[in-house]
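Per-entry structural report
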Amino acid sequence: MNDAVVKVDRLTKHFAGRPVVEDLSFAVRRGEILGLVGPDGAGKTTTLRILAGVLPADSGAARVADQDVIRDPEAVKSRISYMAQRFGLYEDLTVDENIRFYAELFEVAAAVREQRARELLAACGMTPFQRRLAGQLSGGMKRKLGLVCALIHTPQILLLDEPTTGVDPVSRRELWSILYSLVFQGVTVLISTAYFDEAERCHRLLLLHRGRLLFCGTPAELKGKLPGAVLSLASSEPRRLRAALAGADGVLSAMAMGDALHVVVDDPARRIPELREQLGAAGLGFGDITTMGATVEDVFAYMVSRQEAERGR
Amino acid sequence: MNWRRTVAIGRKEFIQVRRDPRSLLIAVLLPLIQILLLGYGARLDADHIPVYVYDQEASQNSQALLKHFQASRYFDVIKVVDNYPALVRAIDADRCKLGVIIPWDFSRRLDDAHRTQVQALVDGTDDNSAQLAVGYAQAVVGAYSDDIQLQWFALKGISQQATQPLSVDYRTWFNEELESKNFIIPGTIALVMALMGALLSSLTIAREWERGTMEQLIATPATATEIMMGKLLPYFVIGLFDAALCTAFAVGWFAVPFRGSLGTLFFTTGLFLVVILGIGYMISVATKSQLGASQYALLVTLLPTSMLSGFAFPIDQMPAPIRAITYVVYSRYYVSALKGIFLAGSGVRDLAPEIAAMAVYAGVIVFFATRAFRKSLR
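The rules behind each value
- Residues numbered from 1 in each chain as written.
- Chains lettered and ligands numbered in written order.
- Predicted model: local features only at pLDDT ≥ 70, side-chain atom pairs only at ≥ 80, totals over all residues.
- Helix = DSSP H or I, 4+ residues; strand = E, 2+ residues; numbered from the N terminus.
- Buried ≥ 20, exposed ≤ 12 C-beta atoms within 10 Å, placed from the backbone.
- Rg over C-alpha atoms; globule rule 2.2 N^0.38 Å.
- Contact = placed C-beta atoms within 7 Å.
- Nonpolar A, V, L, I, M, F, W, Y, C, P; charged D, E, K, R; others polar.
- Pairing = 2+ DSSP bridges.
- Axes fitted to C-alpha atoms, helices over the stretch in contact; angles between N-to-C directions.
- Left-handed = near helix turned anticlockwise from the far one by under 90°.
- Domains from an automatic or database assignment.
- Core = buried A, V, L, I, M, F, W, Y, C linked by C-beta atoms within 7 Å.
- Expected span 1.5 Å × (residues − 1).
- Arc of directions from axis to C-beta.
- pLDDT = per-residue confidence, 0-100.

**Some details on the overall build of chain A**
Broken down by element type, chain A carries 10 helices and 14 strands. Every one of the 313 residues in chain A was classed for burial, and the buried ones make up 44%.

**Focus: the overall build of chain B**
The number of helices and strands found in chain B is 14 helices and four strands. Here the C-alpha atoms of chain B give a radius of gyration of 29 Å, more than 25% beyond the 21 Å that 2.2 N^0.38 yields for 378 residues. For chain B, the spread of C-alpha atoms along the three principal axes comes to 95 × 45 × 40 Å. Split into buried and exposed, the 378 residues of chain B put 38% on the buried side. Taking the contacts inside chain B whose residues are at least 6 apart along the sequence as the reference set, 79% of them involve residues at least 24 apart.

**Concerning the interface of chain A and chain B**
Taken together, the contact pairs 21 residues of chain A with 19 residues of chain B. Secondary-structure elements contributing two or more residues to the side of chain A that touches chain B are helix H1 (44–52) and helix H2 (95–105) of chain A. With four residues, H2(A) is the single largest residue contributor to the side of chain A that touches chain B. Here the side of chain A that touches chain B is composed, by residue class, of 12 nonpolar, two polar and seven charged.

**Here we look at the sheet that holds strand E11 (residues 229–234) of chain A**
Residue and element names in this part refer to chain A. Taken together, the four strands give an open sheet; going across it, the order is E12-E13-E11-E14, and neighbouring strands pair in antiparallel fashion. Here the strands that pair on one side only, and so sit at the sheet edges, are strand E12 (251–256) and strand E14 (289–292). For this sheet, the mean angle separating the axes of adjacent strands, direction not counted, is 25°. Where E12 meets strand E13 (residues 260–265), five bridges bridge the pair, whose relative direction is antiparallel.

**Here we look at the sheet that holds strand E4 (residues 119–122) of chain B**
Residues and elements named next belong to chain B. Taken in spatial order, the four strands line up as E2-E1-E3-E4 in an open sheet, and their pairing is mixed. Bordering the open sheet on either side are strand E2 (75–81) and E4, each of which pairs with just one other strand. Pairwise comparison of adjacent strand axes, ignoring direction, gives a mean angle of 25° for this sheet.

**So, the packing of helix H7 (residues 180–211) of chain B against helix H10 (residues 262–287) of chain B**
Residues and elements named next belong to chain B. The N-to-C vectors of H7 and H10 enclose an angle of 35°; their axes lie 7 Å apart at closest approach. Seen from above, H7 lies across H10 with right-handed handedness. Counted together, Met193, Ala194, Gly197, Ala198, Ser201, Ser202, Leu203, Thr204, Ile205 and Ala206 of H7 and Thr269, Phe272, Leu273, Ile276, Leu277, Ile279, Gly280, Tyr281, Ile283, Ser284, Val285 and Thr287 of H10 form the full contact between these two elements. In the contact of H7 with H10, the residues fall into 14 nonpolar, eight polar and no charged.

**What about the domain arrangement of chain B?**
Assigned domains of chain B: these are domain 1 (3–43 + 179–372) and domain 2 (49–162). Centre-to-centre separation of domain 1 of chain B and domain 2 of chain B, based on C-alpha positions: 49 Å.

**Quick word on unusual backbone geometry**
Non-glycine residue Thr154(A) carries a positive phi angle of around 50°. Positionally, Thr154(A) belongs in the loop between helix H4 (139–151) and strand E7 (157–161). C-beta crowding within 10 Å serves as the criterion here: with 14 such atoms nearby, Thr154(A) is assigned to the partly exposed category. Positive phi is not limited to glycine here, since Ala58(B) has a value of about 55°. Here Ala58(B) is to be found in the loop between strand E1 (49–55) and helix H3 (60–71). Exposure remark for Ala58(B): the 13 C-beta atoms within 10 Å place this residue in the partly exposed category.

**Observations regarding the domain arrangement of chain A**
As assigned here, chain A comprises domain 1 (1–79 + 155–170 + 183–217), domain 2 (90–154) and domain 3 (227–293). Just the C-alpha atoms count here: the centres of domain 1 of chain A and domain 3 of chain A sit 35 Å apart.

**Observations regarding the pairing of strand E4 (residues 59–64) of chain A**
All names here are of chain A. As paired elements, strand E1 (residues 4–15) and E4 share five bridges and run antiparallel to each other. Across the sheet, residue Asp9 finds its bridge partner in E4, namely Ala61. Note: E4 against strand E5 (residues 67–68), two bridges, orientation antiparallel. Counterpart to Arg63 in the pairing with E5 is Asp68. Hairpin connection between E4 and E5: a loop of two residues separates the two successive antiparallel strands, and Ala65 in this loop has a positive phi of roughly 50°.

**Description of the nonpolar core**
Residues Leu51(A), Val148(A), Leu159(A), Leu190(A), Met193(B) and Met358(B) are the most contacted members of the largest nonpolar core, which totals 165 residues. The element contributing the most residues to this core is H7(B), with 17 residues. Discounting chain neighbours no more than four positions away, the residues touching Leu51(A) are Val6(A), Ala62(A), Val64(A), Val69(A), Leu159(A) and Leu190(A). Within the second largest apolar cluster, 18 residues are counted, among which are Val51(B), Tyr52(B), Phe75(B) and Cys96(B).

**A look at helix H5 (residues 169–184) of chain A**
All names here are of chain A. End to end, H5 covers 23 Å across 16 residues, agreeing with the expected 22 Å (1.5 Å per residue, within 8%). Those residues of H5 not exposed but buried are Ser171, Glu174, Leu175 and Leu179. Within H5, the buried residues cover an arc of 140° as seen down the axis, which keeps them to one side. In this structure, H5 carries Pro169, Val170, Arg173, Ser177, Tyr180, Ser181 and Phe184 as exposed residues pointing more than 90 degrees from its buried face. Summarising the contacts, the buried residues of H5 are in contact with strand E3 (33–37), helix H3 (110–124), H4 and strand E8 (188–193). Count one or two residues on from H5 and you reach Gly186, which has phi positive near 95°.

**Observations concerning H3(B)**
For H3(B), which comprises 12 residues, the first-to-last C-alpha distance of 16 Å matches the rise-based estimate of 16 Å (1.5 Å per residue) to within 8%. Here the buried face of H3(B) lies against E1, E2, strand E3 (98–102), helix H5 (106–113) and helix H6 (127–155) of chain B.

**Digging into the packing of helix H13 (residues 331–344) of chain B against helix H14 (residues 352–372) of chain B**
Residue and element names in this part refer to chain B. At their nearest, the axes of H13 and H14 sit 9 Å apart, and the two run at 145° to each other. For H13 against H14, the interelement crossing comes out left-handed. Here H13 contributes Tyr333, Tyr334, Ser336 and Ala337 to the contact with H14, which in turn contributes Glu354, Ala357 and Met358. Along the lines of polarity and charge, the residues of the contact of H13 with H14 split into five nonpolar, one polar and one charged.

**Here we look at the environment of Arg212(A)**
In this fold, Arg212(A) is placed in strand E10 (residues 212–217). Sequence separation of Arg212(A) and Glu22(A) is 190 residues, and the distance between their C-alpha atoms is 5.5 Å.

**Let's talk about the environment of Thr290(A)**
When you line up the elements, Thr290(A) lands in strand E14. Sequence-wise, Thr290(A) and Lys44(A) are 246 residues apart; in three dimensions their C-alpha atoms are separated by 34 Å.

**Side note on the environment of Tyr334(B)**
Residues and elements named next belong to chain B. As for its placement among the helices and strands, Tyr334 is situated in helix H13. Looking at Tyr334, the number of C-beta atoms within 10 Å reads 31, which means it is buried. Distance from Tyr334 to Gly135, taken between C-alpha atoms, is 33 Å for residues 199 residues apart in sequence. Ignoring sequence-local partners within four residues, the contact set of Tyr334 consists of Ala190, Thr268, Phe272 and Met358.

**Considerations on the confidence of the model for chain B**
Mean pLDDT for chain B: 89, with 97% of residues reaching 70 or above. In the predicted complex, the global pTM is 0.82; the interface-specific ipTM is 0.88.

Here you go:
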């Protein structure tokens, strides 16, 4: 990828002797939204921190916005924006004071600051709260304020660490619409999320599990990785169904999802009767079996179970 | 160093102090309380020492001696008792510090032998006050003794002028009234600066870590030096304000003379603040917790400043090893400068040694402080 604005090569980071990011390589194109997807402990935060220049790596190379962040982590900081997972703004400062503080640190001219702040606050629906102390904002509004502060200096690359965790659906939508408009202006976004449904909104995904890269590609490519099909078994006790199906022929993975069990099978036409028979013999009742489109989460669960099976071998 | 970012950080820090009642208390109220408490409380003068008298003779002569005690501003004659146990009880019960016993043959011996004695019992619990009490008592008795001598000379027809062949005609400089408040209050400003400066600056970096704002700050282009300077700037200004406030109180309320220039005062105060704030900042960087940082800060600033700076306990009177230690106690140079500026009217040239010592200290502290903080998590 020649037009890559982020290029990571064999990045590794250990904490207390345990690898948190292991041998990670990927590249991001300008104007792309790259989603870092995975459960807690996958290494999303560590990766973003290294790219933002706030945490040194153990080994490997990383170039962000034409700067080598491993050698000179300070050079990249004026070109990018990083929003930490934990709300990092000053709760005893007002919304306006926080925005002004970050604008000054990035040397944004006062006139530019005022115009951008006005636009961004309006886009977030936060215009009426300019004089409110940041500590008195709701969780979603704090996140949005963090985004406003992160965007006040027009970064080339935006690194967002779980910006939507604990945010209400309306604020989440506003956040995403801001991200799309940024991408339209040529900004590159790296966003981490533990929500798989959100991953579908990204251009490309980086599936991480325990510090290792499982997959890198578009959501459509990801779904194509799934052999066979996903079946949904309606049941009030999906966990018991899952236990009963462990190791069954043709069952690639199974995951409890609310009042249903999602089962990935190699050949649905052949396996559906087998499943009915097997569960019936075990005395477990269940409702309809439906074939459904794979979600990112299904593929993730399948990939994790396959990786663990390989390691166990 | 980028001034715009430095000022932005300073401005933010100032807003936080203004909105935090605890910090405000430390910045404004604590200096006032300190100067008032120490101005009133930390006095080493002994006056109005309570006295009990057991006058065994009750003669004209013993009454005259008693009057001398009553007239002295150093003594308050509380009671004249008529038995020895009552006097002992009064000392035991701390009703008096000095017991004066005039013997039953006081006048007779004066007439016969031209010599007589009175006994004084002193409560020596506080050696400093006891020594002062004995000294004052000797002076009172001595004055009465002179009176008697004059009367005798007069009887013999000798002129009064010829009585004292030799005497010291002394003048006290700088603290004419020899009042300990003039000695102590200027040094109190050092104590105020040490407490206020160290407490507030020790919180700055630790607060960012505790509140989780540090990660975001590290991700900005602000350099470590800009962060340090910006964070300490407001406390430097507050420190100078507190120095002015304390000086106004010292002069306006406690009537301490101020003979030097405000320029010299602010110059030396500025140097001292650089040292104190630098120390507090380094502690804050090292501990990352507000509580721990403030405790360490008190230990390394307030303690040496109150004990070893000579602010109340003169360094000349300390044992040699302790005196040697005081040379590394940065506050001693500031305390010495403060006393010079207030009482002796010393200027920058007179204070050159103190200023040089503080400048060296400030240089070393700034050197290490600028290297203390690294813009990195963990």
